[in-house]
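# Structural overview for review
One letter stands for each residue in the lines below.
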Amino acid sequence: MLSSAEMAQSPLYAGFDLGTTNSAVAVFDGQHTQVIRNAAGGAVTPSVVRIDRAGRVTVGQRARRFLEDDPDNTATEWKRLMGTGKQVAFPAAGVARRPEELSAEILRALRTDVADQLGVAVERAVISVPALFELPQSAATSEAARLAGFARVELLQEPIASALAAGWRADDDGNASWLVYDLGGGTFDASLLETRDGLLRVVAHDGDNFLGGRDFDWAITEHLAAELARQTGVQLERKDPSHAGALRLLRLAAEDAKIELSRSATAQVTLARPLVVGDRELDVDLPLSRATVETLTAPLIERSLAVCQRLLASHGLGPGRLARVVLVGGPTLSPGLRALVQARLEATAAEGLDPMTLVAQGAALYAATAGLDGRAAPAAVPHGKKVWLQYPPVTADLTPHVVGRVVGADPPARLRFERADGGWQSPDAPIAADGGFVTMVSLVPRAASTFRLVATAADGSAVVVDPATITIVAGLTIADPPLSRTIGVALANDHVQAYFERGAPLPTRRSFTHTTVETIAAGNPDSVLRIPIVQGEFEQAHLCRLVGTLEVRGVDVKATVPTGATVEVTIELDRAGCLAARAHVPAIDQIFEQVAHLLVPDAAPAALDAALADQRKHLMAVRTDAFRHGLRELIDKLGAVEGLLATAERDIDAAHGGDADAGQKARRTLLEVDAILGDADLARSWPELDGEAHEAAISATGAVAAFGSDAERKLLDEVLAALAQARRARDLAELGRQLRLVRRLAAAAWNRNPDAWTYHLEDAASAIHEARDLPAARKLVDAGRAAVAAGDTDTVRRVVKQLWALLPVDAAERKKGFDSGVR
Amino acid sequence: MSDDDPFAVLGVAVTATTREIEREAQKLLGMLALGVGDVGTYLSAAGPRPRTPEAVRAAAAQLRDPRQRLLAELMAGAAPPPPAPPAPVAAPGWPDALRRAGWGPR
């Protein structure tokens with residue numbers, strides 16, 4: 001058995017769900033999860049912060065009470081503003097707070113709840129974030145944790161947390177697909193997961209960053225406002241700032257009624273005091289039925305189901321193929337929603353799970369898999385020889401490896417692990433001269449196993465080591481978290497060099513070499529080379545989201561960097577998808593790491609008005625063309641765009657009324673419309689792309705047959721089959737993807753042709769009249785031809801690449817590619 | 001599509017089970033993190049290559065996906081590239097390809 005000292009060393013893992021409307025914290029001790037209740041006894045804490053006239057900060061349920069009486073000094077739903085740089089004002093105290101500062105207040109309160117109940121000041125923890133959070137939003141969440149006093153946190157995507165919590169309770173070890181349907185206060189995430197041999201893997205996810213319970217509340221509020229207008233003749237409008245107070249009260253009443261209707265068929269919406277609108281006082285006493293709410297929210301649920309079906313279809317999963325659906329988030333308590341989701345997805349919802357705290361519980365479990373013990377690291381009192389260890393804190397493998405290294409000179413000769421229940425001990429593992437060792441341990445199934453480390457010197461005497469014990473939990477292994485969206489660098493020709501494809505395991509790092517398309521003049525403050533980092537699934541940079549810009553400034557370079565110079569760009573992502581980037585310019589041997597503009601772009605109402613007008617014009621042009629050419633599928637798709645633009649218009653109205661959150665929502669909707677219209681533009685060019693695919697298949701077939709390996713021939717066979725499938729399905733995006741693969745295979749094979757670089761040289765030579773530096777280009781052509789004559793293929797290849805760097809980029813394309821200075 | 005053979009990166013057989021792959025990846029990541037043992041390189045068809053934690057993670061992720069694993073098995077089973085034969089490029093060396101791509105006679 002373990003001694004009390006060893007018990008005190010047992011870990012405590014903490015998980016925080018920082019939600020739009022509610023937050024929660026749970027802990028995991030290696031055996032059980034426990035949701036920590038707040039001081040008021042609630043399992044969830046409202047994400048509400050109030051700062052009063054004296055500057056006193058109140059959070060949670062106590063603050064929520066002031067949403068009605070003192071809304072100006074009580075903030076909620078700032079999560080969607082995370083990473084925007086927008087401040088929330090508290091006029092009574094005359095202060096303003098950033099969204100991350102408000103989140104820090106909630107985290108601090110939850111951390112205090114854990115300390116009060118368990119006596120542990122959590123230092124390290126896992127915090128959940130929506131799967132489709134953009135990088136600036138994740139960075140802001142990390143900042144909130146730092147402000148709340150955490151020494152270290154890891155961010156975890158919410159659907160993974162939910163699945164982990166649901167999976168932990170699963171009794172079967174079978175192989176199955178699950179769908180996590182997570183409808184939170186402000187976001188919707190659908191995630192497809194797979195369990196196989198105890199390994200939990202997120203296959204893919206999709207979602208809507210701006211669909212949540214809040215939209216349900218607004219749908220009900222607008223219905224109530226219409227009813228009120230019918231009764232009183234006063235129409236409350238979101239675009240009118242003077243109506244904001246009355247609408248806020250009505251929305252709180254709508255939210256309460258919605259929750260009541262989860263349990264009963266009808267509810268009465270009443271307010272304790274009349275609504276004051278101008279010089280009118282309006283009494284509110286309106287009936288609301290569950291059926292009405294279901295009708296009002298049906299389009300929103302349909303929107304979420306469309307996301308689910310798109311996700312399932314993209315992975316070849318038809319109806320009835322899901323083993324289970326896990327429902328997460330407050331709105332999923334609605335019986336109507338649960339029934340509709342289960343019926344449409346033809347899957348049974350996992351029962352016995354609390355949709356309000358599931359994410360926090362999963363985050364706590366994940367803290368264990370990440371080895372993130374919440375207890376403060378003990379003071380550095382040496383207890384023998386220090387051993388660094390690497391092992392999985394939670395694993396499905398009952399005989400995992402433990403890798404270790406004894407620090408310092410004169411390590412022990414051998415080391416073994418003894419399980420604390422006395423049921424097993426490892427053979428003595430030899431320790432190498434450098435202190436390294438690798439061994440295996442045997443776990444008790446579905447339980448936490450603690451092992452003592454027993455080290456002996458060459459003469460057989462005992463050696464005390466630190467740590468003295470380790471604990472490993474036998475459970476579900478979670479695969480490395482996958483990247484939610486492709487990340488790359490926008491190039492000057494408006495294309496994207498993808499660094500990490502969607503689904504890449506995190507953490508990760510990758511480098512590519514680019515060349516500059518402009519000179520960086522040393523000392524010139526106006527000379528800035530931009531390397532835009534974008535996130536999205538499109539080949540064209542302007543359709544992706546700009547998430548950061550790495551800048552090389554003239555005032556920072558040691559010497560002028562000419563056009564065509566090499567820049568080695570490295571991008572790193574940590575487990576939560578937080579980004580770091582650096583550019584190395586070998587010509588001057590300098591490294592630049594400053595990533596600017598890591599903010600979600602501003603959503604000023606005037607800019608949104610202009611963008612809306614542009615999109616409408618674009619839509620009209622695309623639709624006219626679609627009718628002219630009888631493109632029925634495209635016309636159907638454009639119908640959805642109409643709906644999105646109407647939604648955007650409503651949100652822009654609300655933004656004019658002072659609702660910054662609605663402005664952000666409108667910005668995203670317009671981006672989505674832009675992407676659909678961009679696709680529509682591409683769809684019009686289907687015949688052209690189809691022809692390109694035909695040409696590419698012919699040349700790839702010839703090149704691979706002549707110069708490819710057996711493996712490349714087999715791979716081309718696969719790719720051509722997929723290309724054919726994309727043609728049959730008229731799937732433009734898939735055709736584009738397969739076309740890229742065909743070209744890559746053809747290029748790989750073609751470049752083995754000894755004459756390939758000669759052709760490239762002559763092709764570039766035919767365009768040198770466009771080169772930025774004509775004499776230099778002519779010199780290169782001469783050098784290349786001489787190398788061809790001498791049979792020096794390496795030189796020819798080098799010359800061709802230098803020539804390519806001298807050829808110009810199109811200014812309009814460069815502007816669309818976020819002014820990228822590289823290619 | 002990775003250029004590395006994930007089986008070679010992890011040092012496992014093409015027939016390795018999911019559990020064996022996960023176990024080996026976990027061990028390699030631990031050894032690389034602590035600098036234990038001589039696992040910093042692996043032998044690929046193109047010669048020795050550096051074995052980085054990113055490569056190990058990517059290889060494990062690749063083999064977790066059934067479709068990608070199938071592709072990796074196919075690639076691993078194929079022979080290394082033969083020397084390029086001097087053949088005319090224009091000749092369609094693989095007449096079946098166009099049919100596979102869905103184009104019939106025009």
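Cut-offs applied
Residues numbered from 1 in each chain as written. Chains lettered and ligands numbered in written order. Predicted model: local features only at pLDDT ≥ 70, side-chain atom pairs only at ≥ 80, totals over all residues. Buried ≥ 20, exposed ≤ 12 C-beta atoms within 10 Å, placed from the backbone. Helix = DSSP H or I, 4+ residues; strand = E, 2+ residues; numbered from the N terminus. Pairing = 2+ DSSP bridges. Axes fitted to C-alpha atoms, helices over the stretch in contact; angles between N-to-C directions. Core = buried A, V, L, I, M, F, W, Y, C linked by C-beta atoms within 7 Å. Domains from an automatic or database assignment. Contact = placed C-beta atoms within 7 Å.

## Here we look at the pairing of strand β1 (residues 13–18) of chain A
Residues and elements named next belong to chain A. For β1, a buried count of six out of six residues is recorded, marking the element as mostly surrounded by other parts of the structure. Side-chain alternation along β1 places Y13, G15 and D17 on one buried face and A14, F16 and L18 on a second face that is also buried. Where β1 and strand β2 (residues 22–28) come together, six bridges link them in antiparallel fashion. Bridge assignment links A14 to a residue of β2, and that residue is V27. Hairpin connection from β1 to β2: three residues lie between these consecutive antiparallel strands. In this structure, β1 lies alongside strand β10 (residues 124–129), joined through three bridges in parallel fashion. When the bridges of β10 are listed, D17 appears paired with S128.

## Quick notes on the sheet that holds strand β36 (residues 566–573) of chain A
Strand pairing in a sheet takes place through backbone hydrogen bonds and is either antiparallel or parallel in direction. Residue and element names in this part refer to chain A. Across the sheet, four strands lie side by side as β33-β36-β37-β38; this open sheet has antiparallel pairing. Single-partner strands in this sheet number two, and they are β33 (508–515) and β38 (590–592). Across the sheet, the axes of successive neighbouring strands diverge by a mean angle of 20°, strand direction being ignored. With three bridges connecting them, strand β37 (residues 579–585) and β38 associate as antiparallel partners. What sits directly across from H584, in β38, is I591.

## Looking at the nonpolar core
In globular proteins that are soluble, nonpolar side chains generally tend to be buried together. Residue and element names in this part refer to chain A. Residues A14, Y181, A363 and A367 are the most contacted members of the largest nonpolar core, which totals 157 residues. Element by element, the count of residues in this core is highest for helix α11 (residues 358–369), at nine residues. No fewer than three residues from each of domain 1 (9–174 + 354–369) and domain 2 (385–478) sit in this core. Not counting chain neighbours up to four residues away, the residues in contact with Y181 comprise A190, C308, V325, V326, L327, V328, T332 and V341. In terms of nonpolar packing, the next biggest core, distinct from the first, is built from 36 residues, A706, V719, A726 and L806 among them.

## Digging into unusual backbone geometry
All names here are of chain A. Cis rather than trans, the peptide bond between D466 and P467 has omega equal to 5°. The topology assignment puts P467 in the loop between β28 (465–466) and β29 (469–474). Here E346, not a glycine, exhibits a phi torsion of approximately 50°, which is positive. Within the secondary structure, E346 is located in the loop between α10 (335–345) and α11. Classification of E346 as exposed rests on a count of 12 C-beta atoms within 10 Å. A positive phi is found at D589, a non-glycine position, where the angle reads about 50°. Judged by the 9 C-beta atoms lying within 10 Å of it, D589 falls in the exposed class.

## Here's the deal with the sheet that holds strand β20 (residues 385–390) of chain A
The sheet built from four strands is open, its strands ordered β25-β22-β20-β28 (chain A) with mixed pairing. Each having just a single partner strand, β25 (436–440) and β28 of chain A make up the two edges of the open sheet. Of the pairings in the sheet, the one linking β20(A) to strand β22 (residues 401–406) of chain A comprises four bridges and is antiparallel in character. Across the sheet, residue Q390(A) finds its bridge partner in β22(A), namely V403(A). Of the strands in this sheet, β20, β22 and β25 of chain A touch helix α2 (residues 18–34) of chain B, which is tilted by about 10° from β22(A).

## A look at the environment of I301(A)
Residue and element names in this part refer to chain A. Within the secondary structure layout, I301 lies in helix α9 (residues 290–314). A residue is classified by how many C-beta atoms lie within 10 Å of it, and I301, with 21 of them, is buried. Residues I301 and L183, spaced 118 residues apart in sequence, show a C-alpha to C-alpha distance of 9.6 Å. Sequence-distant contacts of I301, defined by excluding residues within four places in its chain, comprise L337 and L340.

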